[in-house]
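Reading the structure
Each chain is listed here by its residues.
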Amino acid sequence: MSTSGNQPLPGDIFEESELLTVAELSRICAVDERHIVELIEEGVISVVEIGTTEWRFSGTALRRTRLALRLERDLELNLAGVALALDLMEEVERLRRALGERM
Amino acid sequence: MEFKDYYKVMGVPRDATEAQIKQAYRKLARKYHPDVSKEKDAEARFKEVGEAYEVLKTPEKRAAYDQLGQGPSAGQDFRPPPDWGAGFEFSGAGARDSDYSEFFESLFGGRARAEAADGRGAFHGARSHDGRGEDHHAKVMLDLDATLRGGARQLSLRVPEIDAEGRLRTTERVLNVQVPKGILGGQHIRLAGQGARPQGEGTPGDLFIEVEFQPHPLYRVDGRDLYLDLPVAPWEAALGATVKTPTPTGTVDLKIPPGSHAGSKLRLKGRGIPASPPGDFYVVVQIALPPGNDDKAKAAYAAMAAALAFNPRATLGV
């Protein structure tokens, strides 16, 4: 067991940082850039349009990308299946929240 | 150590075909995947199933495992035989970043891991990009107060590491982290330089900690907004009233407008999670009925019944 010093480590909220490039997202998720491009093409993750030639993502793409990669690997899903699963999971989450409001 | 019956874990007979094993795995993996499942112990079950599949799907590993027979009876200590694994060559561990049981490690651990570490970086930390260590990921459950007020928290993370013998070990790492005020569920705290160290020269990677909140006794969280169910008396709802209401920033005097009903939502703008922009705080009115179990209360209810021509079922057409 290792412990950091007494001074708390300063953390920042990743999602509030500047937009990500394909290369950055690929490095953080430890996956090939080509695979990120496949995820975009299948509509699993979406790009923020900022009028440049290079694709950019908002920080929220990190959670979605990692989730997609886990589902793909662990459940041996193809990308269309991953996209569908993610959409349905979001819907379930939304319904659960709506239910929580009324309970 | 405890003997693991991988066939039992997968719910397949010992003579199951590869196709049956694959089918069983897919079914169980969907059922217990921690991102999908709401089952209790989903994560532990998922790991167990993944480990069993890892062995049973690989012909060499399965054959070696089958040589052990049924293992000792439940609860008895298991030791691998001295000639264990002789004549088998295990390859392609397909390492995941989950940790395997002591049983698995003792049978397949050393060799398989060493290969994985040398391989194409299936495992975190093995690969480094342009002299920079890999980024690491973790997930924590935080109390809601951590985001409402910000502040230091001791976060306990399980970190997989490859030791000198090439085995994967999970060590506990406790970090004292300043939680950024206003972080939302599903967002990540980034700790610069707390990821893996590169193999050669260079800077370490970052550590990304995904945040989730423990249920709060009073408030429900929806993105950046908070919800509170506020019980009010029937006369407070009907006539309007000013009532004490807890909020994250302290108790406030809240005005209940006359004619409020169960489910009425009152919004306190900007009093949700202090993100940018801050969320709102919603008070959901609940009508609490006073019990009618003593003479005084019974008389009051009877007087109301006599005074009001009220049919609560008017919309039902009866």
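This text gives an overview of the structure that appears in the document. (Residues numbered from 1 in each chain as written. Chains lettered and ligands numbered in written order. Predicted model: local features only at pLDDT ≥ 70, side-chain atom pairs only at ≥ 80, totals over all residues.)

**Points about the interface of chain B and chain A**
One frequent convention defines the size of an interface as the accessible area lost when the parts assemble. Contacts between chain B and chain A engage 36 residues on the former and 29 residues on the latter. Among the elements that line the side of chain B that touches chain A, the one with the most residues is strand E3 (residues 168-179) of chain B, at nine residues. For the side of chain B that touches chain A, the residue count by class is 14 nonpolar, 11 polar and 11 charged. The pairing of strand E3 (residues 12-13) of chain A with strand E4 (residues 188-191) of chain B spans two bridges and is antiparallel. Its bridge partner lying in E4 of chain B, Asp12 of chain A is registered against Arg190 of chain B. (Contact = placed C-beta atoms within 7 Å. Helix = DSSP H or I, 4+ residues; strand = E, 2+ residues; numbered from the N terminus. Nonpolar A, V, L, I, M, F, W, Y, C, P; charged D, E, K, R; others polar. Pairing = 2+ DSSP bridges.)

**Focus on the environment of Leu69 of chain A**
All names here are of chain A. Along the chain, the position of Leu69 falls in helix H3 (residues 61-74). As a C-alpha pair, Leu69 and Val82 span 13 residues in sequence and 8.5 Å in three-dimensional space. Leave out the neighbours within four places in its chain, and Leu69 touches Cys29 and Val31.

**Let's talk about the sheet that holds E4 of chain B**
Sheet architecture is open: four strands sit in the order E3(A)-E4(B)-E5(B)-E1(B), paired in mixed fashion. The open sheet has two edge strands with one neighbour each: E3 of chain A together with strand E1 (136-142) of chain B.

**Examining the sheet that holds strand E10 (residues 265-268) of chain B**
Residue and element names in this part refer to chain B. Ordered in space as E6-E7-E11-E10, the four strands form an open sheet in which the pairing is mixed. Both outer strands of the open sheet, strand E6 (219-222) and E10, are each paired with one neighbouring strand and no more. Each strand axis lies, on average, 30° off the axis of its neighbour in the sheet, ignoring direction. Judged from the four bridges that link them, E6 and strand E7 (residues 225-232) form a sheet pairing that is antiparallel. Following the sheet pairing, Tyr219 is matched in E7 by Leu228. (Axes fitted to C-alpha atoms, helices over the stretch in contact; angles between N-to-C directions.)

Scope: geometric values only; no functional claims are made or implied.
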